[in-house]
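# Fold and contact review
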Amino acid sequence: MLTAHGLYKSYGTQEVLRGISLSLADGEFLSVMGESGSGKSTLLAVLAGNTVPDRGQVFLDGEEITAMKEKELARLRRTKLGFVYQELNLISTLSGEDNILLPIIFSHGDLTAARRTLRTLAEKLEISHLLDRLPAEMSGGERQRTAIARAMIHAPSVLMLDEPTGSLDSRNTEEVISLLLRLQAEDGVSILRVTHSRLAAERGDRVIVVRDGLVQTEAL
Ligand SMILES: Nc1ncnc2c1ncn2[C@@H]1O[C@H](COP(=O)(O)OP(=O)(O)OP(=O)(O)O)[C@@H](O)[C@H]1O
Ligand SMILES: [Mg+2]
């Protein structure tokens, strides 16, 4: 359902993506690994339509993301795509609940329905007790789960996550991976996740490694 063909992206003279092609099937959980600076975040940004590639195409359900104008991209973000940034990007002055509802508020969506979805999601992600807290009053793992809830609030068909480097311990990594597997199984969402943990990566369906601007496919 999500396919990319021959993606190229350079910053100045630095070639970050050098012809990457990949596909993510419906309901699949794909893990992306690679050294720091290898281009994982750049790849996710291009796949989500947040960054324009120099060359190449990205399709989601037959629609070409790389050809979309900002208005269509905005529609995609409030319907089919959920994104969790490496820096999470939670608003520090808003509670967990308001952070999660923000995409619905911005897009003038149905807040009553969203609040119902929020209850279910918060339970699944084990953050029900944190909804009144500010991000600064949460642990790193709790903030990450709050950001996942925000990305899932509109029930996207694809969830993209850029895992923060280092900071989280193995217990939290294990917890997050279990929650994601549950979302995959129960909500049928396809997941594309950058991870630095080989163990976490192997819990998904497939692992790819980004190296020298290309994808090295690994069979599990
Ligand atoms: N906006 C930008 N302008 C210039 N260079 C950039 C920009 N974004 C990324 N880069 C460079 O592109 C390369 C790939 O960056 P990217 O963030 O995709 O790596 P990454 O694999 O996500 O690394 P990490 O694991 O540390 O998050 C890096 O060398 C980075 O410095
Ligand atoms: Mg990154």
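Our subject is the structure that appears above.
Just so you know, these numbers come straight off a predicted model, no measurement behind them. (Residues numbered from 1 in each chain as written. Chains lettered and ligands numbered in written order. Predicted model: local features only at pLDDT ≥ 70, side-chain atom pairs only at ≥ 80, totals over all residues. Heavy atoms only, no water.)

### Topic: the overall build of the protein
For clarity, the threshold we go by: To qualify as a helix, a DSSP run of H or I must reach at least 4 residues; to qualify as a strand, a run of E must reach at least 2; elements of each kind are numbered from the N terminus. Values of the radius of gyration come from C-alpha atoms, whereas the globule rule sets the reference at 2.2 Å times the count of residues to the power 0.38. Buried means the residue's accessible area, taken with a 1.4 Å probe over protein chains only, is under 20% of the maximum for its type, while exposed means over 50%, and partly exposed covers the values in between. Working rule for contacts: check all heavy atoms of both residues, and any pair within 4.5 Å makes them a contact. Only the protein chains shown count as cover for residues, and the accessible areas themselves come from Shrake-Rupley with a 1.4 Å probe.
Secondary structure summary: the protein contains 7 helices and 10 strands in total. The globule rule puts the C-alpha radius of gyration for 220 residues at 17 Å, and the 17 Å found for the protein is close to it. With the principal axes as the frame, the protein shows a C-alpha extent of 45 × 40 × 35 Å. Burial analysis of the protein (220 residues in total) assigns 47% to the buried set. Here the contacts in the protein between residues at least 6 apart in sequence split such that 67% fall between residues at least 24 apart. Put simply, the protein shows about 10,400 Å² of open surface, and 50% of that area lies on carbon and sulfur atoms.

### So, the site of ligand 1
The test is simple: Only a single heavy atom is needed: when it lies within 4 Å of a molecule or strand, its residue is near that molecule or strand. For the purposes of these results, a polar contact is taken to be a pair of N or O atoms within 3.5 Å, where, inside protein, one atom must be able to donate a hydrogen and its partner to accept one; residues adjacent in sequence count only when each atom of the pair is a side-chain atom. Classes in brief: Ala, Val, Leu, Ile, Met, Phe, Trp, Tyr, Cys and Pro nonpolar; Asp, Glu, Lys and Arg charged; the others, Gly included, polar.
In the vicinity of ligand 1 there are 13 residues, among which Q14, S36, G37, K40 and T42 approach most closely. In this structure, an oxygen atom belonging to ligand 1 sits 3.0 Å away from a main-chain N or O atom of G39. Burial of ligand 1 by the protein amounts to 62% of the accessible area it has alone, namely 640 Å². For the shell around ligand 1, the elements supplying multiple residues, two or more each, are β2 (14-24) and α1 (40-47). The biggest single contributor to the shell around ligand 1 is α1, with 3 residues. Residue composition of the shell around ligand 1, by class: 2 nonpolar, 9 polar and 2 charged.

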